[in-house]
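# Descriptive analysis of the structure
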Amino acid sequence: MVASDLPPLLLLSPLVAALLIFAMPSSGRSARLIELLHLASLIVVLVLALTTVGYVLSSGSLMAFGDWLMVDPLAAIFVGLIGVVGCLTGCYSIGYIRHDVEHGELTVLKQKLYYGFFNLFLFTMLLVVTANNIVMMWVGIEATTLGSAFLVGIYGKGTSLEAAWKYLIICSVGVAFGLYGTVLTFANATASIDPHQAVLWTSIIAHAKDLDPTLVKIAFVFVLIGFGTKAGIFPMHAWLPDAHSEAPSPVSGLLSGVLLKCGLFVIIRYYAVTMKAIGPEFPQSILLVLGVLTVAISAFLVFVQHDFKRKLAYHSIEHVGLIVIGLGVGGPLGIAAALLHTINHSFTKALLFCGSGNVLQKYGTRDLRSVKGILRTAPVTGLFIMAGALALAGFPPFNVFVSEFMVFAAGLDAGYPKLMILVALLFTITVAALVDIIAHSVLGKAPENMEKSDSSWLSLAPMGALLALIMVFGVAMPRPVGDILRQATGIVMDHGTATATVTPIERVAVKK
């Protein structure tokens, strides 16, 4: 492990930007300056995030603040996701929010608050994934709720305020269970570790075999309930459809693309400790059950949704369930598949939520029964939405196909053929829902007298970048991504090094 200033710099960048934005006056004159400050923050975060990932690959885990902050290969995956998805959805926000201000949906004051809370939200998520201190990790998760709740309810309408309060209450109550799991883990660790070290994840995982097995099981259940609420795992998912549908579209992309993954990140940390302490059977059994139930509930609800963003929200729940199934299957292939699907789903869902924002501003509604002929009225947006829907449905050569194939291959290899067949059947329902979007909303007959015009380049350019990432990860995944996945898989399995090899296509070689 290497001492480094990169983790604190990564945290300070969006925090300082948020404070500066909040301190600026709310006027039309300062609006462009706030946008420039917001854009500068996004670029700095992206550069620092990718630099951090590069240093982790070349030099190993980075530590800071007396080991309270750590970026190992597992955390580096999520740091990179926050940097990339945060930057692209943040850039998309500029054109989107300008449109809302011009049409009276938002005031100049709310425009400033939006950018301030957006950067604060990035800070809280980065705090979660860089925290080595398990208490600080819990604080970060709780802070993500407080920061993003204002973004969910920023429009101030009855439905958006209701969604914000529902999100705030359910997630706060849920994360309280996560606190119980955190305290139990700390108390369990103090029996064999110095109290000053017992709060650090690196110390806990190193002494996991000395932990009391019963307390480990209880703590993992509390952690799964608590942080599973933030991840959108059934039955703690009730906040997700409302929050995703009512938030501004770029925030929905950030919620689905990154926030849910932060909850999964914390679960993976405790999952590694639990497996080392008592073996894989107990945590994997629970994860498999919850994963299948999560996929099932989303499959049966997604098809009947007519609200575009609400339909996408249920797709988020479904893919979180698939990630959980990958973790539940276990083994190098299952864990690598879950981590890769985390990346692939983030890019795809960010693209589709941004596309839903273009549709809302073009048609004035999210009701898919009224949204027809997108490809004819807004050709570029229609193309992006169609590509994103095909990717989310798992069609090749898009990225989701690769990670979905890996999850199913891992399940079959681990001896779960019936379970994988059930999950595949459930997925056919969600695929049908996505094909329905393409057939009727994208390719259908456009409304009469609707002008043919697309969104501004400020909105389309970030979507183009997301589509490029989706294609690259589906056809020729960069070698550094495969390297970081192998190393992260080794950390979860406590091998110290990687055991799974992820190739640019769907082939996976497992080294025994």
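Bear in mind the structure is a predicted one, so any value in this text is a computation, not a measurement.

Conventions adopted
Residues numbered from 1 in each chain as written. Predicted model: local features only at pLDDT ≥ 70, side-chain atom pairs only at ≥ 80, totals over all residues. Heavy atoms only, no water. Helix = DSSP H or I, 4+ residues; strand = E, 2+ residues; numbered from the N terminus. Rg over C-alpha atoms; globule rule 2.2 N^0.38 Å. Buried < 20%, exposed > 50% of the residue type's maximum accessible area, 1.4 Å probe, protein only. Contact = heavy atoms within 4.5 Å. Areas by Shrake-Rupley, 256 points an atom, 1.4 Å probe, with all protein chains shown as cover. Lys, Arg positive; Asp, Glu negative; His and termini not counted. Charge placed at Lys NZ, Arg CZ, Asp CG, Glu CD. Polar contact = N/O pair within 3.5 Å; in protein donor to acceptor, adjacent residues only side chain to side chain. Core = buried A, V, L, I, M, F, W, Y, C linked by side-chain atoms within 4.5 Å. Phe/Tyr/Trp six-rings, centres within 6.5 Å; stacked < 30°, edge-to-face > 60°. Lys NZ or Arg CZ within 6 Å of the ring centre and 35° of its normal. Salt bridge = Lys/Arg side-chain N within 4 Å of Asp/Glu carboxyl O.

### Focus: the overall build of the protein chain
Helix and strand counts for the protein chain stand at 19 helices and five strands. Taken over C-alpha atoms, the radius of gyration comes to 22 Å for the protein chain, in line with the 24 Å a tight globule of 512 residues would show. Overall, the C-alpha framework of the protein chain stretches about 70 × 55 × 40 Å when taken along its three principal axes. Taken over 512 residues, the protein chain has a buried fraction of 61%. Long-range contacts, defined here as pairs at least 24 residues apart, represent 79% of the contacts in the protein chain between residues at least 6 apart. Total accessible area on the protein chain stands at roughly 17,900 Å², and carbon and sulfur atoms take up 68% of it. The average position of the 30 basic charges and that of the 27 acidic charges among the side chains of the protein chain differ by 5 Å.

### Some points on the side chain of Thr-185
Here Thr-185 shows up in helix α6 (residues 158-189). Judged by its relative accessible area of 8%, Thr-185 is buried. Reaching out from Thr-185, the side chain makes a polar contact with the backbone oxygen of Gly-181 at a distance of 2.8 Å. Discounting residues that sit within four places of it in the chain, Thr-185 has contacts with Ile-134, Ile-204, Ala-219 and Tyr-270.

### Observations concerning the environment of Leu-351
If you trace the backbone, Leu-351 turns up in helix α13 (residues 331-363). A C-alpha to C-alpha distance of 9.5 Å links Leu-351 and Ala-389, two positions 38 residues apart in sequence. If sequence neighbours within four positions are ignored, Leu-351 has contacts with Phe-384, Gly-388, Met-463, Leu-466, Leu-467 and Ile-470.

### Concerning the nonpolar core
One recurring pattern in soluble globular proteins: nonpolar side chains tend to sit buried together. With 162 residues, the main nonpolar core has Met-125, Tyr-167, Ile-233, Ile-325, Leu-339 and Phe-347 as its most contacted residues. When residues of this core are assigned to their parent elements, the largest contribution, 18 residues, is made by helix α10 (residues 249-278). Those residues within four positions of Met-125 in sequence are excluded, and the remaining contacts are Ile-82, Thr-144, Leu-254, Val-258, Leu-259 and Cys-262. One finds Val-359, Met-386, Leu-434 and Val-442 within the second-largest nonpolar core, a separate group that totals 19 residues.

### Side note on the packing of aromatic side chains
Describing an aromatic ring pair means giving the distance of the ring centres and the angle of the ring planes. On inspection of all chains with the given rule, the structure shows 14 aromatic pairs. With centroids separated by 5.7 Å and ring planes inclined at 80°, the aromatic side chains of Tyr-180 and Phe-222 adopt a geometry described as edge-to-face. Here Phe-222 lies in helix α8 (residues 213-231) and Tyr-180 lies in helix α6, a separation of 42 residues in the sequence. Arranged with centres 6.0 Å apart and planes meeting at 45°, the rings of Phe-401 and Phe-405 form a pair that is tilted. Within this pair, Phe-401 and its partner Phe-405 are both found in helix α16 (residues 399-413), separated by four residues, close to a single helical turn. Geometry around Phe-282 places Lys-217 over its ring, the cationic atom sitting 5.5 Å from the centre.

### Quick look at the pattern of salt bridges
This model, assessed by the stated rule, comprises 10 salt bridges. The partner of Lys-157 in a salt bridge is Glu-105, and the shortest N-O contact between them spans 3.4 Å. Taken as a pair, Lys-157 in the loop between α5 (134-152) and α6 and Glu-105 in the loop between α3 (73-102) and α4 (108-130) lie far apart in primary sequence, 52 residues in all. Judged by relative accessible area, Lys-157 falls into the partly exposed class, the value being 45%. Judged by its relative accessible area of 36%, Glu-105 is partly exposed. Within the structure, one salt-bridge network assembled from shared partners comprises Arg-32, Glu-35 and Arg-98.

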